Structure formats: structure tokens, C-alpha cells
Amino acid sequence: MDAKENRGTQVLGTLKEIELLIAELYRRFAAAFAEDLELWESLSREEEGHAALAEGLRVVLEGQDVAPDALDKIHLAALETYKKGIEYQLGRLDRGEIVRRNALFIARDLEKTLVERMYYDLIKGAGTGAAEAAIRIQAETESHFGKLEAYIASLAGGPR
């Protein structure tokens, strides 16, 4: 396995871990904030789907001789820092330090970061099936951000 291919599978492996952590965070938000149960459960299921797609993309890249040059633009250290941030939020939730309002804003900011960083956009050139999966994940992430923005706006007087 050459360095670029290894890097591609590393990036996608880390993205899968991130998607699963976000799904876990949303599941725990569902348990902590029952009034938003439907929102959190829906988002959590979709994040689990993103993790499965990331794994599929990883397998596609693993079988290629050369990973896309765009992967050079993705810094593994930045992904690891993002992952640690999610783990930190899980710890805060476990300690009872997150209220409903904060949960909504944390989730919105997580989704916004994924949209802005366009990690999956950089993978679209990876090969057969990769573009479709990357486009789906990116579109759903943008949808999550929009849902959270609309949900926050819809709550009378803001979330509590």
C-alpha cells in the first residue's frame, strides 16, 4: 500500500469514527432531552449511515493504486482534534454540564464544521461509487445543519 492510499484509508477510517461519535452524542442527547427525541434519533440514525458510507469509501480507496490528490488537503491532525472535541462534549454531557439549548448549538456547530471543511467533497474523485456516497453524506450533513437551524429558530423564545 503506498503512502497516499494509506493516507486515504486513514482519513476515511477517522471520518467513520467521527460519524459514529456524533451518532453516539445525538443518541445521548435523545436520552437527556426527551422533548427533542425525534430530532436526535433521526440525526443519530443518519450519522450511523454516514459511518457505513465512510467505511464503504475506505474500502473503495483501499482497492485503488492511487488515492485522490485532494486527500493531501485533509490534515489528519485536524480530524483528530475534531474527534477529541466530540469526545469532550460526550464527557460534558455525562457530567451534566450540557443543557438543552447548548445541545442544539453544539450539534449545529458540529454539522457546520463538517459542511465547511468539505471532507467528503475532497473524496468525490476516489472512484466508482465514491462520488455518489460522498455527495450523499455531504448533502445529508448540510440537511442536518439546516434542520438544526430551523429547529432552533422554531422554538418559542429559543431552546431551554
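Residues numbered from 1 in each chain as written. Predicted model: local features only at pLDDT ≥ 70, side-chain atom pairs only at ≥ 80, totals over all residues. Heavy atoms only, no water.

> I'm lost on the overall build of the chain in this one. Help?
A count of helices and strands for the chain gives 5 helices and 0 strands. What you see in the chain, going N to C, is helices and strands ordered as α-α-α-α-α. Residues counted as buried form 46% of the 160 residues belonging to the chain. Sequence-distant contacts, at least 24 apart, represent 83% of the contacts inside the chain between residues at least 6 apart. Here the chain displays about 7,700 Å² of accessible surface, and carbon together with sulfur accounts for 53% of that area. (Helix = DSSP H or I, 4+ residues; strand = E, 2+ residues; numbered from the N terminus. Buried < 20%, exposed > 50% of the residue type's maximum accessible area, 1.4 Å probe, protein only. Contact = heavy atoms within 4.5 Å. Areas by Shrake-Rupley, 256 points an atom, 1.4 Å probe, with all protein chains shown as cover.)

> Just to check I follow, could you spell out the side chain of serine 44 for this structure?
Relative to the assigned elements, serine 44 resides in helix α2 (residues 37-62). With a relative accessible area of 3%, serine 44 lands in the buried category. A polar atom in the side chain of serine 44 sits 2.9 Å from the backbone oxygen of alanine 23. With residues near it in sequence (within four places) discarded, serine 44 still touches Ala23, Tyr26 and Arg27. (Polar contact = N/O pair within 3.5 Å; in protein donor to acceptor, adjacent residues only side chain to side chain.)

> So what exactly am I meant to see when it comes to the nonpolar core here?
Nonpolar side chains tend to gather and get buried jointly when the protein is soluble and globular. Counting 35 residues, the largest nonpolar core has Ile22, Leu25, Tyr26, Phe29, Trp40, Leu110 and Leu148 as the members making the most contacts within it. Sorting the residues of this core by element identifies α1 (3-32), α2, α3 (76-94), α4 (100-117) and α5 (130-154) as the ones contributing at least two each. Leaving out residues up to four positions away in the same chain, tryptophan 40 has contacts with Tyr26, Phe29, Ala30, Phe33, Ala103, Leu104, Ala107 and Leu148. (Core = buried A, V, L, I, M, F, W, Y, C linked by side-chain atoms within 4.5 Å.)

> Got a minute to help me understand the pattern of salt bridges in this structure?
Opposite charge on two side chains allows them to pair when their charged atoms are near. One pass over the structure, following the stated rule, counts 15 salt bridges. The partner of lysine 83 in a salt bridge is glutamate 17, with the nearest N and O atoms 2.3 Å apart. Highlighted residues: lysine 83 in helix α3 and glutamate 17 in helix α1, separated in sequence by 66 residues. What makes lysine 83 buried here is its relative accessible area of 14%. Arginine 100 is the partner of aspartate 36 in a salt bridge, and the nearest nitrogen-oxygen pair spans 2.6 Å. (Salt bridge = Lys/Arg side-chain N within 4 Å of Asp/Glu carboxyl O.)

> What is the right way to look at the packing of aromatic side chains in this model?
Each aromatic ring pair is characterised by the separation of its centres together with the angle its planes make. This model, assessed by the stated rule, comprises 4 aromatic pairs. For the pair phenylalanine 29 and phenylalanine 33, a centre-to-centre distance of 6.0 Å together with 55 degrees between the ring planes defines the contact as tilted. As far as burial versus exposure is concerned, phenylalanine 29 and phenylalanine 33 are alike and both buried. Among the aromatic residues, ring-to-ring pairing joins Tyr26, Phe29, Phe33 and Trp40 into one connected group. (Phe/Tyr/Trp six-rings, centres within 6.5 Å; stacked < 30°, edge-to-face > 60°.)

> It is not clear to me how the confidence of the model for the chain should be interpreted in this structure. Could you clarify?
The predicted coordinates ought not to be read in detail in places where the model reports low pLDDT. Mean pLDDT over the chain stands at 81; residues scoring 70 or higher make up 76%. By mean pLDDT, α5 is the weakest element of the chain at 81, and α3 is the strongest at 94. (pLDDT = per-residue confidence, 0-100.)

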